[in-house]
Amino acid sequence: MTQKDRNFTLIGMPASGKSTIGVLLAKRLGYSFVDVDIVIQEKEGRLLKEIIAQEGTEGFMAVENRINASLEAEHSVIAPGGSVIYGKEAMEHLKEISTVIYLKLTYEELESRLGNLVDRGVVLKEGMTLRDLYNERVPCYEKYADITIDETGQTAGETVDHLRRLIEKRFDS
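None of these values were measured; they are calculated from a predicted model. (Residues numbered from 1 in each chain as written. Predicted model: local features only at pLDDT ≥ 70, side-chain atom pairs only at ≥ 80, totals over all residues. Heavy atoms only, no water.)

### Focus on the pairing of strand E1 (residues 7-11)
So, point 1. Counted residue by residue, E1 has 5 buried out of 5 residues, so it is predominantly covered.
So, point 2. Examined bridge by bridge, E1 and strand E3 (residues 76-79) share 3 bridges and lie parallel to one another. Bridging across to E3, Asn 7 finds its partner in Ser 76. (Buried < 20%, exposed > 50% of the residue type's maximum accessible area, 1.4 Å probe, protein only. Helix = DSSP H or I, 4+ residues; strand = E, 2+ residues; numbered from the N terminus. Pairing = 2+ DSSP bridges.)

Rendered as structure tokens:
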């Protein structure tokens, strides 16, 4: 097992299931689960929405980049926020310490899962729509992914089963 295979990082849009699938995958692999949003809140002593309110979107992304870039984990499934892909240092570090898995959704499925954007913690720049955000982020997710899972139409359990089979195949080869 290589250094990268000691951890798995799930990236994707908000509502793609990073936390749900991450917890299930960690249980099935016997790994720990790291929700980086919670790590950020603990290290900063503030809720994410407070960081965003006090420092703006750019300030929040700087905090997110810094914390993800210094994250230490062993035998863990890591679930960073959807905007982690904007942090160059964070993504370089996560690719170094883990296999990066992109949880891919169609725009239509994403839209039906999200509901109220504000309640889901999705921050859009002024004048930006959810579709704009989707179109901006998808190429970044694809760029950083070691593995891409199209989870459209699948339950969380089906996605986890598919992922586990892919991971086991990697270890066997």
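Back to the text.
### With respect to the pattern of salt bridges
So, point 1. Applying the stated criterion to the full structure yields 10 salt bridges.
So, point 2. The salt bridge partner of Arg 46 is Glu 44, with a shortest N-O separation of 2.8 Å.
So, point 3. Residue classification places Arg 46 among the buried residues on the basis of a relative accessible area of 16%.
So, point 4. With a closest N to O distance of 2.9 Å, Asp 146 and Lys 95 form a salt bridge. Placement of the pair is Asp 146 in the loop between helix H6 (130-144) and strand E5 (147-150) and Lys 95 in helix H4 (residues 88-97), with a sequence separation of 51 residues.
So, point 5. For Asp 146, a relative accessible area of 32% corresponds to the partly exposed category.
So, point 6. Residue Lys 95 is classed as partly exposed on the basis of its relative accessible area, which comes to 23%.
So, point 7. What you see here is one network of salt bridges that share partners, running through Glu 44, Arg 46, Glu 55 and Arg 66. (Salt bridge = Lys/Arg side-chain N within 4 Å of Asp/Glu carboxyl O.)

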